[in-house]
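One-letter residues, chain by chain:
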Amino acid sequence: MNSDSYPCPLPGGVQAHEYALSFDHGRRLRMLVVPALFDEANKLRHLTVEVMRRLDGAGIDCFLPDLPGTNESLRDLSAVELEDWRMAVEAAARHFAATHVLAIRGGGLLLPPGLPGWLHAPVKGASLLRTLLRARILASREAGVEETGEALLEHGMKHGLDLAGFTLSGEMIRQLHEAQTADDACLTSIEQDLVGGRPLWLRAEPDHDPAQADALAAIVTMGCKA
Amino acid sequence: MRSDTDRKLRRILSDVLGLTDDQVEDLTPDTGLFGHLPELDSMAVAGLFTEMEDRLGIAIDDDEIDADLLETYGALLAFAEAKREAA
């Protein structure tokens, strides 16, 4: 496993370098792994990297790019749009010469067209947003402040919002609200029932389940080598 | 014989709380939920209600979510069953 980076386009035509975790041995099969979003990224990071270790063991190179404004990125998340994440994923796919893609949960909202691969437990942007808004309403209520989802969403689309510790721009919220999982014939969904175990993104604390990493890696490896 | 809602709600709770199959079976109407599990934050509670909406095919208003609803398993189940009947 190595620390790597990829050139990521910035508004105005310049480029930044974003970090990526890579298992790169110049092999024929090269998997771009697109992480889950927001709090789910933290809860699924361990599982995601363990799947990559197994893919590496099965002879598949794999790459996990940081999205601008997340993880090691120096970008200010509050100035980032969902469209920036899509451009970053496309840039990473090009830079690492990906032959396949594996998107985890909300990562499926960011895929470039044409790459074959898998969507693990894909979710609509509106559903992610609904949970984030609800968490904010519950936290505010505990602090004695009453807020409503509708008013928050309307305000957030215009002015941005702090949701569950993430400062999101109005554009990010607007685009997330509309975002649908990539609907491409070359993509296959892997629902949680097929993987087995319990969905780790729902848990209050990050956890890991080696059996789920085994199952996901096996499904993807068989598909790649079929 | 458990209702469909009861079975699904047990599964959702086990997913969110990371309960074992035995712990899920042991849930009774009087089993305390969130008041007894202080490590659950607002994000986990929000996720629970979104899962309930998706898997039970119901819509939940944010102002319906209050502490009484989460006091016991029985209270949450009664809420879910009423919601499904009205749907």
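From a predicted model like this one, the values you see are computed outputs, not experimental measurements. (Residues numbered from 1 in each chain as written. Chains lettered and ligands numbered in written order. Predicted model: local features only at pLDDT ≥ 70, side-chain atom pairs only at ≥ 80, totals over all residues. Heavy atoms only, no water.)

Visitor: Account for the environment of Glu50(A), naming residues and giving values.
Guide: Residues and elements named next belong to chain A. On the secondary structure map, glutamate 50 appears in helix H1 (residues 39-57). Accessibility expressed as a relative area gives 18% for glutamate 50, which makes it buried. Taking the C-alpha atoms as reference points, glutamate 50 and glutamate 178, 128 residues apart in sequence, are found 31 Å from one another. When residues no more than four places from it in sequence are discounted, the contact partners of glutamate 50 are His208 and Ala213. (Helix = DSSP H or I, 4+ residues; strand = E, 2+ residues; numbered from the N terminus. Buried < 20%, exposed > 50% of the residue type's maximum accessible area, 1.4 Å probe, protein only. Contact = heavy atoms within 4.5 Å.)

Visitor: Describe the sheet that holds strand S6 (residues 117-120) of chain A, naming the residues involved and giving the relevant values.
Guide: Residue and element names in this part refer to chain A. Taken in spatial order, the seven strands line up as S1-S2-S4-S3-S5-S6-S9 in an open sheet, and their pairing is mixed. Two strands lie at the open edges of the sheet, namely strand S1 (2-9) and strand S9 (187-190), each paired on one side alone. Here the average twist between neighbouring strands, direction ignored, is 25 degrees. As judged from the eight bridges shared by S1 and strand S2 (residues 15-23), these two strands associate in the antiparallel manner. Residue proline 7 lies in a different strand from S2, and its bridge partner there is histidine 17. (Pairing = 2+ DSSP bridges. Axes fitted to C-alpha atoms, helices over the stretch in contact; angles between N-to-C directions.)

Visitor: I'd like a rundown of H1(A), residues and numbers included.
Guide: Residues and elements named next belong to chain A. Taking 1.5 Å per residue, 19 residues should reach 27 Å; H1 reaches 28 Å between its end C-alpha atoms and fits that length. The largest bend in H1 is about 50 degrees, located at arginine 45. Trailing H1 by a residue or two, glycine 59 shows a phi angle of about 90 degrees, which is positive. (Expected span 1.5 Å × (residues − 1). Bend = angle between axes of the 7 residues up to and from the residue.)

Visitor: Please give an account of the interface of chain B and chain A that cites residues and values.
Guide: Every contact between the two is made by 29 residues of chain B and, on the other side, 21 residues of chain A. Carbon and sulfur atoms make up 52% of the area that chain B and chain A hide from each other, which totals about 1900 Å². Put simply, Glu53(B) and Arg134(A) hold a salt bridge, and the shortest N to O gap is 3.1 Å. In this structure, the connection of chain B to chain A is made through 12 residue pairs in polar contact (both at pLDDT 80 or more). (Buried area = accessible area lost by both parts, 1.4 Å probe. Salt bridge = Lys/Arg side-chain N within 4 Å of Asp/Glu carboxyl O. Polar contact = N/O pair within 3.5 Å; in protein donor to acceptor, adjacent residues only side chain to side chain.)

Visitor: Describe the environment of His177(A), naming the residues involved and giving the relevant values.
Guide: All names here are of chain A. Considering the arrangement of structural elements, one finds histidine 177 in helix H5 (residues 170-178). Each C-alpha atom, one on histidine 177 and one on lysine 124, is 8.3 Å from the other, the two residues being 53 residues apart in sequence. The residues contacting histidine 177, other than those within four sequence positions of it, are Ala126, Leu129, Leu153 and Met157.

Visitor: Before we move on, could you go through the packing of aromatic side chains and cite the residues and values that matter?
Guide: Residue and element names in this part refer to chain A. Counted by the stated rule, this structure contains four aromatic pairs over all chains. For the ring pair phenylalanine 38 and phenylalanine 166, a centre distance of 5.6 Å and an interplane angle of 70 degrees mean the geometry is edge-to-face. Here the residue phenylalanine 38 occupies a position in the loop between strand S3 (30-34) and H1, and phenylalanine 166 occupies one in strand S8 (residues 166-168), the gap between them amounting to 128 residues. Accessibility expressed as a relative area gives 5% for phenylalanine 38, which makes it buried. Through successive ring pairs, a cluster of aromatic residues spans Tyr6, Phe63 and Phe96. (Phe/Tyr/Trp six-rings, centres within 6.5 Å; stacked < 30°, edge-to-face > 60°.)

Visitor: Got a sec to walk through the side chain of Glu51(B)? Specific residues and values, please.
Guide: On the secondary structure map, Glu51(B) appears in helix H3 (residues 42-56). The contacts of Glu51(B), once residues within four sequence positions are left out, are Trp201(A), Leu202(A), Ile12(B) and Leu56(B).

Visitor: Got a sec to walk through the pairing of S2(A)? Specific residues and values, please.
Guide: All names here are of chain A. Hairpin connection of S1 to S2: five residues between the antiparallel strands, including glycine 12 at a positive phi of 95 degrees. Bridge count between S2 and strand S4 (residues 61-65): four bridges; the pairing is antiparallel. If you follow leucine 21 over to S4, its bridge partner there is leucine 64.

Visitor: So, the confidence of the model for chain B: which residues are in play, and what are the values?
Guide: Residues and elements named next belong to chain B. Per-residue pLDDT for chain B has a mean of 87; in total, 93% of the residues score no lower than 70. When pLDDT is averaged over each element of chain B, helix H4 (residues 73-86) comes out on top at 94 and helix H2 (residues 21-25) at the bottom at 88. ipTM for the predicted complex: 0.84, alongside a pTM of 0.93. (pLDDT = per-residue confidence, 0-100.)

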